[in-house]
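Each chain, letter by letter, is given below.
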Amino acid sequence: MPEVGVYKRRGLEIWLEVAEDNIELKSSGALSTLASPLLKRVNKMLRDKKPIKATEEEVVLSTWFPPIPSGPFQRAIKAEMDILLKRKFTPQAVSMNISDCTLNCSECNIVGHEGELKTKEVKDFIVQVQDLGAITIGFAEGDPLLREDLSELIDCIDKKKSITSVFTPGPLLTDEVAAELKEHGAYAVMTGIKSSIPREHDAARGLKGAFDKAVTGMKNAVENGLYVSMHTHVAPKLVESGELAKIYKLASKIGVHELTIWEAHPTWKYKDKKELILDDGHRKEIMELYRKANTSKEGPRIFYNAVFESPELFGCMAGRRWLNLIHSGDLTPCTYVPISFGNIREESVEKIWRRMCKFNEFRRKRFCVMLDEKFRSKYIDPFSVSDLPISYKDVV
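Please read these numbers as outputs of a predicted model, since none were measured by experiment. Here, residues in each chain are numbered from 1, in the same order as that chain's written sequence. Local features in this predicted model are restricted to residues whose pLDDT is 70 or higher, and side-chain atom pairs enter the listing and the counts only when it is 80 or higher, whereas totals over whole chains, interfaces and linings include all residues. Excluding hydrogens and water, the side-chain values take into account all heavy atoms of the structure.

Further remarks concern a negative patch on the surface. Candidate patch residues must exceed 30% relative accessible area and have no salt bridge, after which like charges are joined if within 9 Å and Val, Leu, Ile, Met, Phe, Trp or Tyr side chains if within 5 Å. In short, Shrake-Rupley with a 1.4 Å probe defines the accessible areas, and a residue's cover is counted only from the protein chains shown. Any Lys or Arg side-chain nitrogen located within 4 Å of an Asp or Glu carboxyl oxygen qualifies as a salt bridge. Positive charges come from Lys and Arg alone, negative charges from Asp and Glu alone, with His and the N- and C-terminal ends not counted. Charge placement uses NZ in Lys and CZ in Arg. For Asp and Glu, CG and CD serve respectively. Residues D155, D175, E176, E180, E183 and E223 make up a contiguous surface patch of negative charge. In terms of residue count, the dominant contributor to the negative patch is helix α5 (residues 175–183) (4 residues). Where helices and strands are cited, they refer to DSSP runs of H or I of at least four residues and of E of at least two residues respectively, numbered from the N terminus.

Following this line, the structure appears as C-alpha cells:
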C-alpha cells in the first residue's frame, strides 16, 4: 500500500495511505493523539466522497480543496493543528468580490460597488493573506474575467502556498481564456447554473443566451485541463420541483468534475426569507442525491456546503476560516455576511482579521450564521441596503 508523506513536525508525522478501495490519513508521534480529531474529520471526507482523482502520487478530493499532498494541503494541516493546539484561526479560504458584472441576477448579494480596487492594492492583499495562511484564493462574485489584470493577479499568487479558483458566470469563458487561466496557474473554475432549462437560467441571470454561454464555458475549461465545478444556489423551489436532480444530470452530460450545491442565503434583494431558506425535508432530499452521486462510479461528485460546514466537520467558516474582500476594500467574514471589520486601504489585513476573530457570534456558531434567524434579526435586518456593508462598530 503506497504511503505519501503530507506533514511533519517535531512530535507528529502525517501520511496518506492510498489503496484501490481506501484512502486514509494516518499519523504517528507524541502529538498524534491531539491530531486525531483533525484526521477523523479529513478521513470522513475521504470516505464519504469519491475523489475527482486518486492515484498513488496524488488525491484530488474536490475543486474546493488542495490536492493531497501539496504545499497548500500541508498549510491546511498546519492551520488546523494551530486551532487544536493554540486556538489560533487563520483565513484559510479567501474570496475576492472585486469585479464588475454584465449580469443582473435575481439573487445578487454583491455590496460595496464603489470603484474598483487597483492592481497593486489587490496584489498587496494577496501577499498579506498568504502570509497569514491562505490555502485557497478565489476570484469570485461578479465576473473576474472582466478584469484586464486577472492573469497578472493570478501570477502574483504563490502556488506553493495556495490554490487559485475563478468563479465566472461563463459568458466570457472562451477556449482562449480558459487556456490562459490554465497557463497562469489557475486550479479550478466554478460556473453557476440556475436551472437546467435555458430560458429559466437566462431569466435568473438577466441575460439572453447566458445558459448556452455558461455550458460552452465549462466545456472549454474542462478541455483545457482545469478542474471544473458547476455551482448552484439551492432554494426550496429547486428541490420541490425536482430541478436539482436535473441540474446534476446536466453536470454529468457536460462532463464537469463536480456539482457544488450551496444553500441559498437571504440577500438584500429578497424580503421574503422563506423563498430562500431550506428546511430539514429539503436537506434530506439533497443528502439522498449527495450520497447517491458520491457512491456511484459514474458522473461528477457533489460538494454540499451544509456537509462541509456541519458541526461534525468545520462548522460555519465565516470569520474563522473564511475572509472576503469586496470592491470598496472592506473585509467581511464571508461572501454572505455584509458586515465590514475594516478596510485594507486603512489597516493591515492581519489587524482586521484579528478584530474579526474576536467577534463572539462567529466563535459560537457551528452552522451558517446567515441561516440563523436570531443572528439576522439582531445584526442584519435593522439596516437598509444603503447601509451595506454594515460597519462592525455598529454591531459590537
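Still more ground to cover, so stick around.
Pairing of aromatic rings covers Phe, Tyr and Trp, the last counted by its six-membered ring, and requires centre-to-centre distances within 6.5 Å; plane angles under 30 degrees mean stacked, over 60 mean edge-to-face, and any other angle means tilted. Counted by the stated rule, this structure contains 19 aromatic pairs. When the ring of F359 is compared with that of F362, the centres are 4.8 Å apart and the planes differ by 70°; the resulting orientation is edge-to-face. Here F359 and F362 have matching classes, each one buried. Among the aromatic residues, those joined into a cluster by ring pairs are W64, F167, W262, F303, F308, F314, W322 and Y336. We count a charge as sitting over a ring when the NZ of a lysine or the CZ of an arginine lies within 6 Å of the ring centre and within 35 degrees of the ring normal. Over the face of the ring belonging to F89 we find R320, whose NZ or CZ atom lies 3.8 Å from the ring centre. Think of it in three bands: residues with accessible area under 20% of the maximum for their type are buried, residues over 50% are exposed, and the middle band is partly exposed, with areas taken using a 1.4 Å probe on protein chains only.

With respect to the secondary-structure elements, D202 resides in helix α6 (residues 198–205). No salt bridge is formed by the buried D202, whose closest oppositely charged neighbour, K208, lies at an N-O distance of 7.7 Å. Setting aside anything within four residues of it in sequence, one finds D202 in contact with L207, K208, G209, A210 and F211. Contact criterion: two residues are considered in contact whenever any of their non-hydrogen atoms come within 4.5 Å of each other.

So, about the environment of K219. Its place among the elements puts K219 in helix α7 (residues 210–223). Sequence spacing of K219 and E17 is 202 residues, and the spatial spacing of their C-alpha atoms is 33 Å.

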